[in-house]
Amino acid sequence: MIRLIALDFDGTIAEYEQAFDAHMAHHLERWQQMGIHVVVASGRPFRSLKRILDALPGELPIVSSNGNILRYKNSLKTLHASYMSPELIETNIRLLRKRGIHPVFHVDGYEKGYDLAVLEPPSPRERTYIEKYENRCITVTPETIAMEKVLVIAAYMTPAQFDAYVAQPEIQRSSGQYHSLKSLNREFNLIEVVEASSNKFRAVQHYAQLMGIGPDEILAAGDDMNDLSMVEGAAIGIAMPTAPEVVRRAADYVAEKPARDYGLFPLINKILEEEGYGH
């Protein structure tokens with residue numbers, strides 16, 4: 001029986017740039033009232049998710065930065081944290097800058113008032129990305145970035161640039177995993193680098209274990225490559241219709257409608273009814 005529902009946010013709960021509204025909040029709160037643990041697992045920084053999800057009245061565990069931080073929304077208690085190694089940071093700084101690509105670093109600076117760091121003035125493309133996260137960004141040097149608690153390295157590349165980048169021997173030998181994600185920019189994809197030991201589902205499992213919930217009691221849903229670990233690992237995996245083919249193939253169910261049309265919620269409610277909830 002499902003006791004935990006883990007959901008990606010952008011493209012799954014809500015479409016990109018779509019507001020988190022009362023209809024979405026109603027379903028998450030209803031599932032909690034049914035005794036089901038609800039976890040939101042996103043690539044966004046914790047601050048961004050907390051601001052959005054503060055509309056929910058109760059407590060909520062949030063997995064942010066693609067599985068690297070697990071923290072409660074209200075109490076701010078951190079249950080799990082995983083930071084990037086200095087070696088992985090150095091390798092990607094050197095190889096990205098060699099190609100004229102400006103990385104943006106997600107850092108665990110919530111208590112200090114910032115969430116992002118850059119090495120040089122960002123281009124208009126990176127500036128748009130930073131603005132999406134409320135401009136809470138500092139400028140550091142290649143030498144001082146390792147002093148920060150780095151969670152994710154983000155950058156923009158064309159698909160061809162990404163393929164060439166990850167084919168490099170140094171990248172192949174590195175301890176990172178590399179995601180090419182959907183972007184509002186039609187030419188460039190958003191590239192995210194995290195430690196190979198980090199993913200959303202590991203953080204979800206960490207929370208599940210704390211709550212005495214087994215892998216066979218987890219339902220998870222997502223729409224992009226950084227959600228694959230959840231969709232594959234959960235007892236019931238749901239992919240949104242906009243997800244890459246590899247994610248849809250890994251899923252047990254594919255929602256009929258996209259996030260903008262609230263496609264996730266009727267499917268989960270149907271699954272819960274089949275599991276005996278509401279009877």
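Participant: I'd like a rundown of the overall build of the chain, residues and numbers included.
Facilitator: Broken down by element type, the chain carries 10 helices and 14 strands. Radius of gyration (C-alpha) of the chain: 18 Å, near the 19 Å computed for a compact globule of 279 residues. Looking at the chain as a whole, 56% of its 279 residues are labelled buried. Residue pairs at least 24 apart in sequence account for 57% of intrachain contacts in the chain once pairs closer than 6 positions are excluded. Averaging the coordinates of the 29 positive side-chain charges in the chain and doing the same for the 37 negative ones gives two points 3 Å apart.

Participant: Break down the sheet that holds strand 5 (residues 78-81) for me, with residues and values.
Facilitator: By definition, the strands of a sheet pair up through backbone hydrogen bonds, in either a parallel or an antiparallel sense. If you trace the eight strands from one edge of the open sheet to the other, you get 5-4-3-2-1-12-13-14, paired in mixed fashion. Bordering the open sheet on either side are strand 5 and strand 14 (253-254), each of which pairs with just one other strand. Pairing analysis gives two bridges linking strand 2 (residues 37-41) to strand 3 (residues 61-64), with the strands arranged parallel. Note on strand 3: the bridge partner recorded for A41 is V63. Packing of helix 10 (residues 264-274) onto the sheet brings it into contact with strand 1 (4-7), strand 12 (218-222), strand 13 (236-239) and strand 14, and relative to strand 13 it is tilted by some 160°.

Participant: Account for the side chain of H27, with residues named and values stated.
Facilitator: As for its position among the elements, H27 is in helix 1 (residues 22-33). Of note is the side chain of H27, whose polar atom sits 3.4 Å from the side chain of H23. For H27, the residues in contact, after removing those within four places along its chain, are F265 and N269.

Participant: Requested: an account of helix 7 (residues 200-210), with residues and values cited.
Facilitator: All of the buried residues in helix 7 are K200, F201, A203, V204, Y207 and A208. Viewed end-on, helix 7 has its buried residues packed into an arc of 160°, placing them on one side of the element. Two to three positions downstream of the cap, the backbone nitrogen of F201 sits 3.0 Å from a side-chain oxygen, assigning the N-cap of helix 7 to N199. G212, located one to two residues past helix 7, shows a positive phi value of around 75°.

Participant: Requested: an account of the packing of aromatic side chains, with residues and values cited.
Facilitator: One pass over the full model with this rule turns up seven aromatic pairs. Aromatic pair W31 and F265: ring centres 6.0 Å apart, planes at 35°, arrangement tilted. Of this pair, W31 sits in helix 1 while F265 sits in helix 10, and the two are 234 residues apart along the sequence. F265 carries the same exposure label as W31, and that label is buried. Taken together, the ring pairs in this structure connect Y129, Y133 and Y156 into an aromatic cluster. Seen from the ring of F46, R71 lies directly overhead, with NZ or CZ sitting 5.0 Å from the centre.

The rules behind these values
Residues numbered from 1 in each chain as written. Predicted model: local features only at pLDDT ≥ 70, side-chain atom pairs only at ≥ 80, totals over all residues. Heavy atoms only, no water. Helix = DSSP H or I, 4+ residues; strand = E, 2+ residues; numbered from the N terminus. Rg over C-alpha atoms; globule rule 2.2 N^0.38 Å. Buried < 20%, exposed > 50% of the residue type's maximum accessible area, 1.4 Å probe, protein only. Contact = heavy atoms within 4.5 Å. Lys, Arg positive; Asp, Glu negative; His and termini not counted. Charge placed at Lys NZ, Arg CZ, Asp CG, Glu CD. Pairing = 2+ DSSP bridges. Axes fitted to C-alpha atoms, helices over the stretch in contact; angles between N-to-C directions. Polar contact = N/O pair within 3.5 Å; in protein donor to acceptor, adjacent residues only side chain to side chain. Arc of directions from axis to C-beta. Phe/Tyr/Trp six-rings, centres within 6.5 Å; stacked < 30°, edge-to-face > 60°. Lys NZ or Arg CZ within 6 Å of the ring centre and 35° of its normal.

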